[in-house]
Amino acid sequence: MAAFDLPEPPTQPSLVAARAHLHVLHQSTQVLEEQIVAARAALARLVDDRQAAIRDMEHELAALEDRVALARAYVAPIKRLPHELLRLIFLFNFEDCPWSPWVLAAVCPLWRKVALAMPVLWSKIRLVTTQASSAETIRLWLERSGRTVPLDIELVLKSPSAPPAAADALARRRYLSIPHAAGDPWLTGGWTTPPPQLVQTPAAAGAAVHLQIGAHPAVHVVPVQAVVAHDGAPGSPPPHEWEMAGPGPGLGAAQASGGAGERKAAAAAAKQRLRKNMHWGHIAFYYLVEHIHRWERFVLRFDKQFASIGALKDIEGDAPLLREFEISCGDPAFYGEWKWLPSAPVNAHYDLSSLRSLILQHVPFQWSSPMLRNLRHLHLKSLPTMHIPLDRILHIVAANPQLESLALHFTSPSHPVLPLSPVTLPELRSLNLGGHHLLSNLLDSLLLPALDTLVLDIEARDPIEESVSQLLTRSGAPPLARLALSYGAGALGVAPGPHVGFYWPTGAGVVAWAFLAELEHLAALQVGSAQLEPLLAALGTPDEENGPDGWVCPRLAALALRGCHAHGDGVAKLVQMVEARNPDTTTTAAAAGPGAGAFSGQGVGVGGGGGAAAPVRLRQLELYDCTALGPDVTNWLKTRIEDVVCTEPSSEGCVGRLVVVH
């Protein structure tokens, strides 16, 4: 029935007819909807059936692919590799990467079986960890290394950063307890082998992390606990959560929300973590000391005192294989006497017959310990509370006549009780003395005929050049190649802060630089806190008294200055010195005419005085907080010297903007 067939306006009969027609339409609509629902249900059942069939086929395909993979693996050439060659490959990999066993053991069951059957693969323990991490990783590593294989152990213990309020309070306590000055290397960790500063690069889940450890130039790749995510691979160290030894972000959130219950829960969790941290050292060293008879090398570095540091007292016993032993702490704390190997009494009988290298930094030791005898490399950095007489320090040196390198840093030695006797070290090549000014008397008692490197960071009280000159004369003019005076710990290319003394101001302590004329073999010179102009004048063009061939340090190739402030024409003196030592070879050769020999840069050539013997060209120049050079002088230095590093001095007395020119 069409709408226009109905009369207008509607009548009673038309309304009855319209209602009847509407009822019929409703019934038709309901029938169609039921048909649609049924069709959709049938379609859904069909889709479910097909999807189930597809899933079954996918499962069959996956099973077939696994069988194909197993078949391919079985026929792969590496499967035919004898286990002897596989073990040899593992050993080659192990030499390059000590933590490789964790990766190799996670490849496949066969490789895991082979790796676990090779204790030597687990003999080098390299671990960067925290107190919040589990010590079970060390136990597992030791168990897999067997019972007879010598152990090479290197542990780095990181301490979490203290909250700002706690850090401020700690700084105030330190300031009140000891003379404090910014940049002190024994406060900041700058020493011969400082505790590590970790530089992390992004890593995938379960992967290792690339770390820059301390002053070591190479990048070490080691398993790191509590740093990266872990995928639960069967051959890798167990995962650990990063837990701080104090209130964490949860406590701050609870305080912000104001909930008393949340604050109590966060405080309880922090207390529980702190209690857990107190036992890490005791558990770890219980496992480690049990294998002390297998130690061949043991290194522990930590940046500051930790809760369970008393566990180090358990280090005692026979270590017949031990060749190198190091305990380094970056924070000078105040410890009492410890009963451990470095503090063993003089009549103790421990088997340390193989020990040749010993490094102790900011930990207790006794000057008469049998551990401090017959060494070839000795590095000692005493605690501020150790007041050892100077004659006993000399006794430590005399007890090691075959020393090749010696580094001593004592902040508070006392005057000698017995007279100081001369000590000859015929094989010593490197000497590093730092700390109290009394150590200059120790320098006057040494004869070092093979000395190659001399580093002095002694508090400036008296001029030091006479002691250096007398040492070289007394030792028969050894070929000294590197000299560092009050430069602070570190080497060329490293920028540690200058040393700040305990009682006396630091400085090069040099009145006149005439003694440099005796150092014909000197190749690297590092000077801190000295007047710039006299030093540059001494290194510049020879004066009339010395003649045109009387160059000071003719083989000098690297010069590093720190805190050597200019008082007048310092920049001009610097330019004159570089111009004399590194002349423009192109201009000089053109002026000399055809047939003239060009400057070789390594021996005799055209120098500052036409045709005279010229010094070796400077290849490296470092200026830290000395004087403002300006961009024009910096660009000019770039044309004459291969490597230039300089920082402009700042008004606050700290290192300013860094400018590196290659």
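Refer to the structure above for everything that follows.
To start, this report covers the structure provided alongside it. (Residues numbered from 1 in each chain as written. Predicted model: local features only at pLDDT ≥ 70, side-chain atom pairs only at ≥ 80, totals over all residues. Heavy atoms only, no water.)

A few words on the pairing of strand β5 (residues 295–302). Counting buried positions along β5 gives seven out of eight residues, so the element sits mostly inside the fold. In the sheet, strand β2 (residues 151–158) pairs with β5 via seven bridges, with the strands oriented parallel. Bridge pairing in β5 links I153 to F298. Bridging between β5 and strand β6 (residues 324–329) involves six bridges; their strand directions are parallel. Bridging from a neighbouring strand, V299 pairs with E326 of β6. (Buried < 20%, exposed > 50% of the residue type's maximum accessible area, 1.4 Å probe, protein only. Helix = DSSP H or I, 4+ residues; strand = E, 2+ residues; numbered from the N terminus. Pairing = 2+ DSSP bridges.)

Taken as a whole, this structure holds twelve aromatic pairs when the rule is applied. Consider the rings of Y286 and Y287, whose centres lie 5.7 Å apart with planes at 65°: the pair is edge-to-face. Judged by its relative accessible area of 55%, Y286 is exposed. According to the relative accessible area criterion, Y287 is buried, its value standing at 16%. Above the ring of F94, the side-chain terminus of K124 is found at 5.4 Å from the ring centroid. (Phe/Tyr/Trp six-rings, centres within 6.5 Å; stacked < 30°, edge-to-face > 60°. Lys NZ or Arg CZ within 6 Å of the ring centre and 35° of its normal.)

This part is about the packing of helix α2 (residues 83–96) against helix α4 (residues 109–116). Where α2 meets α4, the closest approach of the two axes is 11 Å, and the angle between their N-to-C directions is 70°. With respect to α4, the axis of α2 lies roughly perpendicular. Residues H83, L86, R87 and F90 of α2 form the contact with α4, whose participating residues are L110, W111, V114 and A115. (Axes fitted to C-alpha atoms, helices over the stretch in contact; angles between N-to-C directions. Parallel < 35°, antiparallel > 145°, perpendicular 65-115°, else oblique. Contact = heavy atoms within 4.5 Å.)

Glancing now at the pattern of salt bridges. Per the stated rule, a full pass over the model turns up 15 salt bridges. One salt bridge in this structure joins R297 and E154, with 3.1 Å as the shortest N-O distance. Taken together, the residues R297 in strand β5 and E154 in strand β2 connect sequence positions 143 residues apart. Like E154, R297 is buried. Several salt bridges converge on common partners, so that one network encompasses R126, D152, E154, R297, R301, E324 and E326. (Salt bridge = Lys/Arg side-chain N within 4 Å of Asp/Glu carboxyl O.)

Let us now look at unusual backbone geometry. For the peptide bond that leads from E8 to P9, omega is -5°, which places it in the cis range. A positive phi angle, near 60°, is found at H362, a position not held by glycine. As for its placement among the helices and strands, H362 is situated in the loop between β7 (357–361) and β8 (377–381). Given the relative accessible area of 1%, H362 is considered buried.

Here the focus is helix α17 (residues 631–640). Of the positions making up α17, those classed as buried are V633, T634, L637 and R640. The buried residues of α17 all sit within an arc of 120° when viewed along its axis, so they share a single face. Exposed side chains of α17 directed beyond 90 degrees from the buried face belong to P631, D632 and T639. (Arc of directions from axis to C-beta.)

Another point: the nonpolar core. With 125 residues, the main nonpolar core has F298, I315, F325 and L516 as its most contacted residues. Top contributing element to this core by residue count: helix α10 (residues 280–289), with six residues. Counting six residues, the second largest nonpolar core, distinct from the first, contains V455, A484, Y487 and A560. (Core = buried A, V, L, I, M, F, W, Y, C linked by side-chain atoms within 4.5 Å.)

Turning our eyes to something else, we now look at the side chain of T129. Residue placement: T129 occurs in strand β1 (residues 124–130). Engagement of the side chain of T129 in a polar contact is seen with the side chain of S133, the distance being 3.4 Å. (Polar contact = N/O pair within 3.5 Å; in protein donor to acceptor, adjacent residues only side chain to side chain.)

Before going further, it helps to examine the side chain of S123. Structurally, S123 is set in the loop between α4 and β1. By relative accessible area, S123 is classed as buried at 6%. Those residues in contact with S123 that sit more than four places away from it in its chain are F94, S145, V149, P150, L151 and D152.

Here the focus is the environment of T634. Mapped onto the secondary structure, T634 falls in helix α17. When its relative accessible area of 8% is taken as the criterion, T634 is described as buried. Residues T634 and C646, twelve residues apart in the sequence, show an inter-C-alpha distance of 8.6 Å. From its side chain, T634 meets the backbone oxygen of G630 in a polar contact 2.9 Å long.

Right, let's get into the packing of helix α5 (residues 136–144) against α10. Interaxial distance between α5 and α10 falls to 9 Å at its minimum, and their mutual angle equals 5°. It follows that α5 is roughly parallel to α10 by the angle criterion. Contacts from E136, I138, R139 and L142 of α5 reach α10 at W280, A284, Y287 and L288. Class assignment of the residues belonging to the contact of α5 with α10 gives a composition of six nonpolar, no polar and two charged. (Nonpolar A, V, L, I, M, F, W, Y, C, P; charged D, E, K, R; others polar.)

This part covers the pairing of strand β9 (residues 405–410). Buried residues dominate β9, accounting for six of its six residues. In β9, alternate side chains face the same way, and those of S405, A407 and H409 on one face and L406, L408 and F410 on the other are all buried. Pairing between β8 and β9: five bridges, direction parallel. Note that in β9 the partner of H377 across the bridge is S405. Read as a crossover between parallel neighbours, the route from β8 over helix α11 (residues 390–398) to β9 is right-handed. In this sheet, strand β11 (residues 430–435) lies alongside β9 in parallel orientation, the contact comprising six bridges. Across the sheet, the residue bridging to L406 is L431, located in β11. (Right-handed = clockwise from strand over helix to strand, strands pointing away.)

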